[in-house]
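The chain contents come next:
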Amino acid sequence: MDTEQQPNFRPTTADFRWEAVAHQPYKQDGSAPFKDISRQVLFHEDNLACELRYFEMDAGGYSTLERHEHAHAVMILRGHGDCLVGDEVRSVKQFDLVTIPSWTWHQFRATDAEPLGFLCMVNVVRDRPQLPDEAELARLKSTPAIARFLGAG
Ligand code: MN
């Protein structure tokens, strides 16, 4: 770990873009289902043991439906949409806060009208996400609100 941490000032360069921050397609390995989403790692701080990322979905886009041991702390930064957390579907809008606990199914979806962007804080060291199998997907879809939410994609 680098204990000689230097100040690092990186101005914003455009709406939801920052100097020296790579704009990456989400999960380039293509192993998980997602649509029209990008990732920018704003901070990767070993001294804090955390990363802060900015994810943005185009209108109609969505993140991967997944769960994992590590938790997320999310702030919606742009637009509005819906999220599934556990067995609950919620509408979210700019500046709302969402905590995603360990081993909780989660997915974010933009509306068809505008992009949805959010900040996501996460541990630097973390486990690999799990995807739902057919049985788990069927169990989730037995809740009507979740079936409607997942049917949107
Ligand atoms: Mn996740």
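Preceding this paragraph is the structure being described.
Everything quoted here is computed from the prediction, not taken from an experiment.

Participant: Could you clarify how one ought to interpret the coordination of the manganese ion in this entry?
Facilitator: When a metal carries six donors in an octahedron, the ideal angles between them are 90 or 180 degrees, while four donors in a tetrahedron ideally lie at 109.5 degrees. Within the first shell, the manganese ion binds the protein through Glu66 (OE), His68 (NE2), His72 (NE2) and His106 (NE2), at distances of 2.0 to 2.3 Å. Note on His72: relative accessible area 7%, which makes it buried. For His106, a relative accessible area of 4% gives the class buried.

Participant: Help me out: how do you make sense of the side chain of Glu45 in this one?
Facilitator: One can find Glu45 in strand β4 (residues 35–45). Buried and unpaired, Glu45 has Arg10 as its nearest opposite-charge partner, separated by 5.3 Å. If we ignore the near neighbours within four places in the chain, the residues touching Glu45 are Gln5, Cys50 and Val124.

Participant: Could you clarify how one ought to interpret the environment of Cys50 in this entry?
Facilitator: Checked against the element boundaries, Cys50 lands in strand β5 (residues 50–62). The exposure class assigned to Cys50 is buried, which follows from its relative accessible area of 18%. Remark: the alpha-carbon pair of Cys50 and Val122, spanning 72 residues in sequence, is separated by 5.5 Å. Residues within four places of Cys50 in sequence aside, it is in contact with Phe43, His44, Glu45, Met121, Val122, Asn123 and Val124.

Participant: I would appreciate a short explanation of the pairing of strand β11 (residues 116–123) in the present structure.
Facilitator: Two faces belong to every sheet, and in a regular strand the side chains alternate between them. Of all eight residues making up β11, six are buried, and the element is well covered by its neighbours. In this structure, strand β6 (residues 72–78) lies alongside β11, joined through five bridges in antiparallel fashion. Counterpart to Met75 in the pairing with β11 is Leu119.

Participant: Even after reading the chapter, I still don't get the pattern of salt bridges, so can you show me in this structure?
Facilitator: Opposite charge on two side chains permits pairing when their charged atoms draw close. Counted under the stated rule, the structure contains seven salt bridges. The residue Glu88 makes a salt bridge to Arg90 at a minimum N-O spacing of 2.9 Å. Here Arg139 ties to Glu136 by a salt bridge, and the two come within 3.0 Å at their closest N and O atoms. A residue pair is termed a helical-turn pair when its members lie 3 or 4 positions apart in one helix, as Arg139 and Glu136 do in helix α1 (residues 134–141) at three residues. Judged by relative accessible area, which is 17%, Glu136 ranks as buried. Several salt bridges share partner residues, and in doing so they unite Asp87, Glu136 and Arg139 into one network.

Participant: Looking at this structure, I do not really get the environment of Lys141. What am I missing?
Facilitator: Tracing the backbone shows Lys141 in helix α1. Here the alpha-carbon distance between Lys141 and Trp18, two residues 123 residues apart in the chain, equals 39 Å. Setting aside residues up to four positions removed in sequence, Lys141 forms contacts with Ile146, Ala147 and Leu150.

Participant: Quick question: what am I supposed to make of the packing of α1 against helix α2 (residues 144–151) here?
Facilitator: For any two helices packed against each other, the geometry is given by the interaxial angle and the distance between the axes. As a packed pair, α1 and α2 sit with axes 6 Å apart at the nearest point and diverge in direction by 115 degrees. Here Leu137, Leu140 and Lys141 of α1 come into contact with α2, specifically with Ile146, Ala147 and Leu150. Considered class by class, the residues forming the contact of α1 with α2 number five nonpolar, no polar and one charged.

Participant: Sorry, what's going on with the nonpolar core here?
Facilitator: As a rule of thumb, soluble globular proteins bury nonpolar side chains together. Counting 15 residues, the largest nonpolar core has Met57, Val74, Ile76, Phe108 and Phe118 as the members making the most contacts within it. Among residues more than four places away in sequence, those in contact with Met57 are Lys35, Asp36, Ile37, Tyr62, Ser63, Phe108, Arg109, Ala110, Pro115, Leu116 and Phe118. If you look at the next biggest cluster of nonpolar residues, it comprises seven residues, including Leu65, Leu84, Ile146 and Leu150.

Parameters at a glance
- Residues numbered from 1 in each chain as written.
- Predicted model: local features only at pLDDT ≥ 70, side-chain atom pairs only at ≥ 80, totals over all residues.
- Heavy atoms only, no water.
- Donors = N, O, S within 2.8 Å, 3.2 Å for Na, K, Ca; no water.
- Buried < 20%, exposed > 50% of the residue type's maximum accessible area, 1.4 Å probe, protein only.
- Helix = DSSP H or I, 4+ residues; strand = E, 2+ residues; numbered from the N terminus.
- Lys, Arg positive; Asp, Glu negative; His and termini not counted.
- Salt bridge = Lys/Arg side-chain N within 4 Å of Asp/Glu carboxyl O.
- Contact = heavy atoms within 4.5 Å.
- Pairing = 2+ DSSP bridges.
- Axes fitted to C-alpha atoms, helices over the stretch in contact; angles between N-to-C directions.
- Nonpolar A, V, L, I, M, F, W, Y, C, P; charged D, E, K, R; others polar.
- Core = buried A, V, L, I, M, F, W, Y, C linked by side-chain atoms within 4.5 Å.

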